[in-house]
Amino acid sequence: KGNVAVDIILLGPPGAGKGTQAGRLVADRGMVQLSTGDMLRAAVKAGTEVGLKAKAVMDAGELVSDEIVSAIIGERLDQLGKDVGLIFDGYPRTAAQAEALDALLAARGRKLDYVIELAVDEDALVDRIVGRYTCAVCGEGYHERYKPPKVEGTCDVCGNHEFKRRPDDNAETVRTRMAEYRAKTAPILPIYDARGLVRRVDGMADIGHVTQAIEAILDGKA
Ligand code: AP5
């Protein structure tokens with residue numbers, strides 16, 4: 001495989017920076033981001049059957065069923081060529097999803113290259129999550145303290161002035177999301193570790209340094 005077609009999982013608790021880093025890898029390397037959170041939010045917005053089932057579960061900070069998320073990942077994979085590198089962001093989140101992903105990739109002649117663990121201090125994550133917001137028009141992500149727009153109240157990318165926050169980004173729901181991560185998602189790390197796939201990155205470093213650390217892994221330099 002060349003660099004471009006490396007397939008990775010970004011694994012870490014809510015607020016670890018999975019979406020932020022995936023966005024940078026898409027921009028820097030033309031990789032494709034597969035975020036089940038984004039796909040589910042799009043389904044909720046569109047009012048599809050999946051969206052209707054997922055909304056209450058997501059608002060409570062719990063996990064949507066394995067069948068639903070693995071099905072939407074499978075559909076998305078069918079739309080992609082073999083020559084692009086994939087970034088799984090927020091998937092898999094359970095052992096059953098990890099198994100499903102292996103099967104989905106194998107059926108398409110692909111396999112995982114790395115599972116990149118974003119190692120973070122959970123106490124700092126609540127602050128990251130409750131401080132974040134996105135441009136209501138183009139979706140660019142911001143943070144009150146760590147990534148404010150260059151001109152206050154104006155999106156750097158599209159120049160609009162409307163911003164929004166996720167309904168599940170309040171302190172109470174974040175606690176449930178963290179508990180779900182610890183109970184169901186963290187246990188898949190040792191499974192991947194046993195296969196020699198896990199690379200640990202310090203997710204508490206600043207955003208650019210985290211990207212550099214990930215890119216070094218993708219380039220085989222770390
Ligand atoms: P999802 O959308 O996947 O949310 P999450 O895992 O809770 O992750 P987040 O988007 O909150 O965090 P992130 O790691 O992407 O951090 P970000 O880069 O934004 O899932 C939402 C819900 O959907 C789930 O609760 C569940 O209900 C459902 N769902 C989704 N996938 C599912 C699945 N597979 N199975 C079942 N259910 C599923 O960064 C956070 C903030 O910090 C940003 O403001 C950013 O600017 C800032 N920041 C990032 N990195 C740094 C840094 N290094 N230093 C300082 N600030 C930083």
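Residues numbered from 1 in each chain as written. Predicted model: local features only at pLDDT ≥ 70, side-chain atom pairs only at ≥ 80, totals over all residues.

A.B. asks: So what's going on with the UniProt feature "binding site: Zn(2+)" (unreviewed entry) in the chain? Residues and values would help.
C.D. replies: UniProt's entry tags Cys 135, Cys 138, Cys 155 and Cys 158 with the feature "binding site: Zn(2+)" (unreviewed entry), counted in the numbering of this structure. These annotated residues cover 24 residues of sequence, but their C-alpha atoms sit close together, with the largest distance between any two at 8.6 Å. A count of 12 C-beta atoms within 10 Å places Cys 138 in the exposed class. Setting aside its immediate chain neighbours within four residues, Cys 138 contacts Cys 155, Val 157 and Cys 158. Mapped onto the elements, Cys 158 comes out in the loop between strand 6 (141–143) and strand 7 (163–164). On the neighbour-count criterion, Cys 158 (12 C-beta atoms within 10 Å) is exposed. Ignoring sequence-local partners within four residues, the contact set of Cys 158 consists of Cys 135, Val 137 and Cys 138. (UniProt positions renumbered as here; feature names shortened; annotations may be inferred. Buried ≥ 20, exposed ≤ 12 C-beta atoms within 10 Å, placed from the backbone. Contact = placed C-beta atoms within 7 Å. Helix = DSSP H or I, 4+ residues; strand = E, 2+ residues; numbered from the N terminus.)

A.B. asks: Give a detailed account of the UniProt feature "binding site: AMP" (unreviewed entry) in the chain, specifying residues and quantitative values.
C.D. replies: Under the UniProt annotation, "binding site: AMP" (unreviewed entry) lies at Thr 36, Arg 41, Glu 62, Leu 63, Val 64, Gly 90, Tyr 91, Pro 92, Arg 93, Gln 97, Arg 166 and Arg 177. In summary, the annotated positions, distributed over 142 residues, remain apart in three dimensions as well, the widest C-alpha pair reaching 24.3 Å. With respect to the element layout, Tyr 91 can be found in the loop between strand 3 (86–89) and helix 5 (95–107). Given 25 C-beta atoms within 10 Å, Tyr 91 falls into the buried group. The residue Arg 177 is located in helix 7 (residues 171–185) in this model. Those residues within four positions of Arg 177 in sequence are excluded, and the remaining contacts are Pro 14, Gly 61 and Asp 168.

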